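If you want the building blocks of each chain, they are given just below.
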Amino acid sequence: MAGLSLDNPGAFIFGLLGNIISFMVYLAPIPTFRRVYKAKSTLNFQSVPYVVALFSAMLWIFYALIKTNSVLLITINSVGCIIESVYIITFLIFAPRKSRVRTFGYMFLLNGVVFAGIVLFTMFLSHGINRATILGWICMTFSVSVFAAPLSIIKLVIRTRSVEFMPLPLSCFLTASAVCWGLYGAFSHDRYIALPNVLGFLFGVGQIGLYLYYWRCPTIVRPATPFHETPAPATAKNALDLSGIIELPENLHVAIVTMSPVPVVQVRRIEPELDLEASTPFSAPVKTVDVAA
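None of these values were measured; they are calculated from a predicted model. (Residues numbered from 1 in each chain as written. Predicted model: local features only at pLDDT ≥ 70, side-chain atom pairs only at ≥ 80, totals over all residues. Heavy atoms only, no water.)

A short note on the overall build of the chain
Now for step 1: Across its full length, the chain carries 9 helices and 3 strands.
Now for step 2: Mapped from its N terminus to its C terminus, the chain presents α and β elements in the order α-α-α-α-α-α-α-α-α-β-β-β.
Now for step 3: Expressed as a percentage of the 293 residues in the chain, the buried residues total 39%.
Now for step 4: Considering only contacts within the chain whose residues lie at least 6 apart along the sequence, 68% involve residues at least 24 apart.
Now for step 5: For the chain, the computed accessible surface area is about 16,900 Å², with 68% contributed by carbon and sulfur atoms. (Helix = DSSP H or I, 4+ residues; strand = E, 2+ residues; numbered from the N terminus. Buried < 20%, exposed > 50% of the residue type's maximum accessible area, 1.4 Å probe, protein only. Contact = heavy atoms within 4.5 Å. Areas by Shrake-Rupley, 256 points an atom, 1.4 Å probe, with all protein chains shown as cover.)

Digging into the packing of aromatic side chains
Now for step 1: Overall, the coordinates contain 12 aromatic pairs when judged by the stated rule.
Now for step 2: With 4.8 Å between their ring centres and 5 degrees between their planes, phenylalanine 33 and tyrosine 87 make a pair best called stacked. Of this pair, phenylalanine 33 sits in helix α2 (residues 30-39) while tyrosine 87 is found in helix α4 (residues 71-94), placing the two residues 54 residues apart along the sequence.
Now for step 3: Ring centres of tyrosine 50 and tyrosine 87 lie 5.8 Å apart, and the angle between their planes is 65 degrees; on these two criteria the pair is classed as edge-to-face. Here tyrosine 50, found in helix α3 (residues 48-67), pairs with tyrosine 87, found in helix α4; they are 37 residues apart in sequence, far enough to count as distant.
Now for step 4: For tyrosine 50, a relative accessible area of 12% translates into the label buried.
Now for step 5: Over the ring of tyrosine 37 we find lysine 40, and its NZ or CZ is 4.2 Å from the ring centre. (Phe/Tyr/Trp six-rings, centres within 6.5 Å; stacked < 30°, edge-to-face > 60°. Lys NZ or Arg CZ within 6 Å of the ring centre and 35° of its normal.)

What to know about the nonpolar core
Now for step 1: Counting residues in each nonpolar core, the largest one holds 37 residues, and the members touching the most others are Phe55, Leu59, Tyr63 and Leu73.
Now for step 2: Within the residue set of this core, elements represented by two or more residues are α1 (9-27), α3, α4, α5 (97-124), α6 (129-148), α8 (168-187) and α9 (191-214).
Now for step 3: The element best represented in this core is α3, accounting for 13 residues.
Now for step 4: Core analysis: the next-biggest nonpolar cluster, separate from the first, contains 7 residues, Val163, Met166, Tyr211 and Tyr214 among them. (Core = buried A, V, L, I, M, F, W, Y, C linked by side-chain atoms within 4.5 Å.)

Digging into a nonpolar patch on the surface
Now for step 1: There is a patch of nonpolar side chains on the surface, built from Val179, Leu183, Phe187, Val198, Leu199, Phe201, Leu202 and Val205 and spanning about 630 Å² of accessible area.
Now for step 2: Counting only elements with at least two residues in the nonpolar patch, the list comes to α8 and α9.
Now for step 3: Take the nonpolar patch: its biggest share by element is 5 residues, from α9.
Now for step 4: Along the polypeptide, phenylalanine 187 turns up in helix α8.
Now for step 5: For phenylalanine 187, a relative accessible area of 37% corresponds to the partly exposed category. (Patch = residues over 30% accessible without salt bridge, like charges linked within 9 Å, V, L, I, M, F, W, Y side chains within 5 Å. Salt bridge = Lys/Arg side-chain N within 4 Å of Asp/Glu carboxyl O.)

Quick look at the packing of α3 against α5
Now for step 1: Interaxial distance between α3 and α5 falls to 10 Å at its minimum, and their mutual angle equals 15 degrees. Between α3 and α5, the crossing angle belongs to the class labelled roughly parallel. You can see that α3 and α5 cross each other, and the crossing is right-handed. Across from Val48, Val51, Val52, Leu54, Phe55, Met58, Leu59, Phe62 and Ile66 in α3, the residues of α5 making contact are Thr103, Tyr106, Met107, Leu110, Asn111, Val114, Phe115, Ile118, Val119, Thr122 and Met123. (Axes fitted to C-alpha atoms, helices over the stretch in contact; angles between N-to-C directions. Parallel < 35°, antiparallel > 145°, perpendicular 65-115°, else oblique. Left-handed = near helix turned anticlockwise from the far one by under 90°.)

Some details on the confidence of the model for the chain
Now for step 1: Mean pLDDT over the chain works out to 75, with 68% of the residues at or above the 70 mark.
Now for step 2: Confidence drops under pLDDT 50 across residues 221-249; counting only partners more than four residues distant or on other chains, this segment forms 17 contacts.
Now for step 3: A low-confidence stretch, residues 251-293 stays under pLDDT 50, and its non-local contacts, those more than four residues away or across chains, total 55 contacts. (pLDDT = per-residue confidence, 0-100.)

Regarding the environment of tyrosine 87
Now for step 1: Looking at tyrosine 87, the relative accessible area reads 6%, which means it is buried.
Now for step 2: For the pair tyrosine 87 and leucine 27, spaced 60 residues apart in sequence, the C-alpha separation works out to 10.0 Å.
Now for step 3: The residues contacting tyrosine 87, other than those within four sequence positions of it, are Tyr26, Leu27, Pro29, Ile30, Phe33 and Tyr50.
Now for step 4: At 2.3 Å, the side chain of tyrosine 87 and the backbone oxygen of tyrosine 26 are in polar contact. (Polar contact = N/O pair within 3.5 Å; in protein donor to acceptor, adjacent residues only side chain to side chain.)

Some points on the packing of α2 against α4
Now for step 1: Where α2 contacts α4, the two axes come as close as 10 Å, and the packing angle between them is 25 degrees. Relative to α4, the element α2 is oriented roughly parallel. Once α2 is placed against α4, the crossing between them reads as left-handed. Residues Ile30, Phe33, Val36 and Tyr37 of α2 form the contact with α4, whose participating residues are Tyr87, Thr90, Phe91 and Phe94.
Now for step 2: Taken together, the residues that form the contact of α2 with α4 break down as 7 nonpolar, 1 polar and no charged. (Nonpolar A, V, L, I, M, F, W, Y, C, P; charged D, E, K, R; others polar.)

Following this line, the structure appears as structure tokens:
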């Protein structure tokens, strides 16, 4: 396998490009974590892709050390370990308790127990070239997991018809990275690098296609509690036999603009320019501010 030598220019060029693009892949989730930081919440984002990516980077560093002469693998995966660790720490800071405990469990299982088991098995139960072969198959398996990890949100994208939680830059960079590392593996005659990146390319194209299909679709917001299960207050309103009642804060007046069979309501907040304590607030001139679309 080519390191920094020009004896195999194809492997060197695509390995270098792979380093650059993979670095951009690691930076792609920054807008996501900027939102997490501003909201002081992890929203609906999941930690699984980052835990799996950290584990995969650790495996590839170990593989490169066993294989030898793989400097380009060591450089990018070392950087990846640092960046993914920062993402995970940020997630843990703002995650609710349940998600935090789940993330710790994933890390203990993958980055602790499983990785330690692989190291012990490789170093003490295999010898010579068999070490690289066994470790190569393991790395290839988890590389597929890295490419497949973002697919965990596809169900959410289809259900909500929103690509909010599947950023396009990440999908594009993953696809370009798969192309570069696939060619790097082909030029360096390393099937353990080439084969999983073929599958990674297909996954990336699929995610981009899904994004292009849904990016103009209106977001469907489904309430956590269905309207028909919302208890109605014991007032004269019950006589109307409404299927559900949405309670609004006092002094907040809304005008329902549109309704459809889909549970999405477009409303505008109406703010009287005069004192809201007046006996006839709507007799005053009003201004409208869109709060939902």
